[in-house]
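The lines below spell out each chain.
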Amino acid sequence: MGMLSLPAFLSCGKKKVCAVLPGISWTSSPPAYAHPFQLLSYVKDFSLTNEKDAQSGGSDENSERGNWSSKADYLLSMVGYAVGLGNVWRFPYLTYQNGGGAFLIPYTLMLALAGLPLFFMECSLGQFASLGPVSIWRILPLFQGVGITMVIISTFVTIYYNVIIAYALYYLFASFQKVLPWSDCFSWADEFCSKTQIVSDCNATLHGEIIHANYSFVTSNNLTCINGTIDYKPVQFPSEQYWNKVTLQRSSGLDETGRIVWYLALCLLLSWIIVGAALFKGIKSSGKVVYFTALFPYIILLILLVRGATLEGALDGIEYYIGRQSNITKLMEAEVWKDAATQIFYSLSVAWGGLVALSSYNRFHNNCYSDAILVCVTNCVTSIFAGFAIFSILGHMAFVSKRPVSEVVDSGFELAFVAYPEALSQLPVSPLWSFLFFFMLVLLGLDSQFATIETLTTTIQDISPRVMKKLRMPVTMGLCALFFLLGLICVTQAGIYWVNLIDHFCAGWGILIAAVLEIVGIVYIYGGNRFIEDIEMMIGKKSFFFWLWWKMCWFFITPVLLMAILVWSLVTFSSPTYGSVSYPTWGTAVGWCMIIFCVIWIPIAAIVKIVQAEGTLVQRLVSCCRPAANWGPYLESHRGERYSHIVDPKKNKEHEIPTVAAFIVYQQ
């Protein structure tokens, strides 16, 4: 073309003068003699990225990646991601199990010491560089495998997480009946199904002598059981048998795969269609959907709490949860503190990659500090609030069935699909309450699923932005279709065993390893003080006392706590079981293979980076422990003096930092 050849990333911004040389833009009027050899003095005026004018109302600050349409879109997406099924089916049970109201003390401390510092770090990291969980490791190339591990674990989890949403959808549709199908022992039940306890045998007095006889003999002879001698048959609630025999059609174990349960497969397909429809335009569409999916569960929780509080026995349930049954002496047990730290860690969804991905679409000067505090506090308050709604109705169930609350309380699948449905079936207008509860579970699950899929698409966008810009919808739909097919194994008759296996291995200490390496790498290798300076570029200069708490946590307290949880998890690790069903040896081996596949990318990526570097082994290690040449704010207008030297973030050079002037002189 006969013009000066410059790097492709030197492009014109909006309303810039481009007549002299295509690919060069000016922030001021160019001189009339704008000869190529005299352009060096105007290097500082180059626009290094294809960015729109950030001042234009309503437009994206980052035109290539896009930004959230509004602050509310981002906050609701973050709340939806953090607040999930665990807030409803795990936290209330942990509170009850670990001393009731006393458990809130270690829970709050762990929020301040472990959860919030890591949450703030990830939000700041993604917002600063506008990159997803893999590309963000330009900050420390040696640790790029940590980002890959996060994405792979998120992939495994998203496969089975949508299966849980499919379970909730099935129960949601089953609620559209005048009589809930799990409200009594119908044709699908066996002889062990009962809503009340069944006497097996007891001692009775016959002709002046005490005999031990089965209950049928006692009743046929009009005898009376002696108190304290009654043995009961092992019975199951109708809801438990409905869950195993009808919903899951559960086989005897992982060895017996059985057939695909067709109605669960259809529900799984529907859940993926919903996810794909919400994400077909990325954050622009999902940011609007979350106004409903993130807020409506709170309305349902409030409705369930008000209804539960009016029932007989509700006070007993709440007392078991957080009232007079609270046991402050429980705080002397290490297990209680471990449970509090673990719950905070998993509840806030740190180290999954989602927080980095969602925050990467923020505007550069967004106040990520206040966002982190708001989302974390909202998440914890939601957990406490959900406990009142759950235990008030379980207390009523215990009252009706004449059992202690401790016998009807459970967590996980047993709470969501057995205990709580059983309690709801005993209420007037039970289909309505059942519909509301499972609709809430669906919404809570979808919120988290939106963010997880967005994490994967963000990773793809960082690798190939042009492809995602043109083909975002096909790529998103393709991912959903692929995950649907991979999830079909989880809707077979052995599906629940696969769901439990993936959860047991992939959602466990693999995430803890990623979290420990993340905070150690950023604080001790990249530099905690350097990272604080990066944050101040976004939120403004802060005082020494402002950062004192965060430094204490980032440099010492949080890494130590995470290491303690990781070591505890490894020491107490046990083979997976589902109820009383043990897994075969090959099943456990598959679980180990999954988690090894997730974490092995950490050393592999490190080795690859070292091999790609130049110099001696020590020089290569040092090089890989420094930020890549293209690390820094995505847009040139945000780089300031500290990052004025960086190359275009779209380039992949990582061990050499050329200047813009060098490019021009080279072309001359």
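Sequence order sets the numbering: in each chain, residues are counted from 1 along the sequence as written. In view of the model being predicted, local features appear only for residues whose pLDDT reaches at least 70, and side-chain atom pairs are presented and counted only at 80 or more, with totals across whole chains, interfaces and linings using the full set of residues. Side-chain numbers come from the whole structure's heavy atoms, not from hydrogens or water.

**With respect to the state of the cysteines**
Turning to step 1, where the next piece is worked out: Disulfides are defined as cysteine sulfur pairs within 2.5 Å. Per the counting criterion, the structure on display carries two disulfides.
Turning to step 2, where the next piece is worked out: With a sulfur-sulfur separation of 2.0 Å, C185 is cross-linked through a disulfide to C193. On the sign convention where negative is left-handed, the bridge of C185 and C193, at about -85° about the S-S bond, is left-handed.
Turning to step 3, where the next piece is worked out: Take C185: its relative accessible area is 28%, and that puts it in the partly exposed class.
Turning to step 4, where the next piece is worked out: The disulfide partner of C202 is C225, and the S-S distance across this bridge is 1.9 Å. For the disulfide bridge between C202 and C225, the dihedral angle about the S-S bond is near -65°, and by the sign convention the bridge is left-handed. With a gap of 23 residues between them, C202 in strand β1 (residues 199-206) and C225 in the loop between α6 (215-220) and β3 (231-232) connect regions that are remote in the sequence. Whether a residue is buried, partly exposed or exposed follows from its accessible area with a 1.4 Å probe, protein chains only, as a fraction of its type maximum: under 20%, in between, or over 50%, in that order. What counts as a helix is a DSSP run of H or I of at least four residues, what counts as a strand is a run of E of at least two, and both are numbered from the N terminus.

**Quick look at the side chain of S347**
Turning to step 1, where the next piece is worked out: Relative to the assigned elements, S347 resides in helix α12 (residues 334-347).
Turning to step 2, where the next piece is worked out: In protein, a polar contact means a hydrogen-donor-capable atom and an acceptor-capable atom, both N or O and within 3.5 Å, with residues adjacent in sequence counting only if both atoms are side-chain atoms; elsewhere, any N or O pair within 3.5 Å suffices. Within the local environment of S347, its side chain forms a polar contact with the side chain of N379, the two groups lying 2.8 Å apart.
Turning to step 3, where the next piece is worked out: A contact between two residues is defined here by any heavy atoms of the two lying within 4.5 Å. Ignoring any residue separated from it by four or fewer positions in sequence, one finds S347 in contact with A82, N87, N379 and S383.

**Remarks on unusual backbone geometry**
In most cases, non-glycine residues show a negative phi, while peptide bonds are predominantly trans.
Turning to step 1, where the next piece is worked out: For A351, which is not glycine, the phi torsion reads 70° and is therefore positive.
Turning to step 2, where the next piece is worked out: As for its placement among the helices and strands, A351 is situated in the loop between α12 and α13 (354-359).
Turning to step 3, where the next piece is worked out: Residue class for A351 comes out buried when judged on its relative accessible area of 0%.
Turning to step 4, where the next piece is worked out: In the Ramachandran plot, V429 falls in the positive-phi region, its phi being about 55° despite a non-glycine side chain.
Turning to step 5, where the next piece is worked out: With respect to the helices and strands, V429 occurs in the loop between α15 (412-424) and α16 (430-463).

**Concerning helix α9 (residues 283-293)**
Turning to step 1, where the next piece is worked out: For α9, the set of buried residues is I283, S285, S286, G287, V290 and T293.
Turning to step 2, where the next piece is worked out: Contacts made by the buried residues of α9 are with α1 (71-82), α8 (262-279), α10 (296-309) and α16.

**Quick look at the pattern of salt bridges**
Turning to step 1, where the next piece is worked out: The term salt bridge refers to a side-chain nitrogen of Lys or Arg lying within 4 Å of a carboxyl oxygen of Asp or Glu. Enumeration according to the criterion identifies 12 salt bridges in this entry.
Turning to step 2, where the next piece is worked out: Note that D462 is salt-bridged to R65, the shortest N-O span being 3.3 Å. Note that D462 is positioned in helix α16 and R65 in the segment before α1, a separation of 397 residues in sequence. As far as burial versus exposure is concerned, D462 and R65 are alike and both buried.
Turning to step 3, where the next piece is worked out: A salt bridge links K330 to E333; its shortest N-O distance comes to 3.8 Å.
Turning to step 4, where the next piece is worked out: Several salt bridges converge on common partners, so that one network encompasses E335, K338 and D339.

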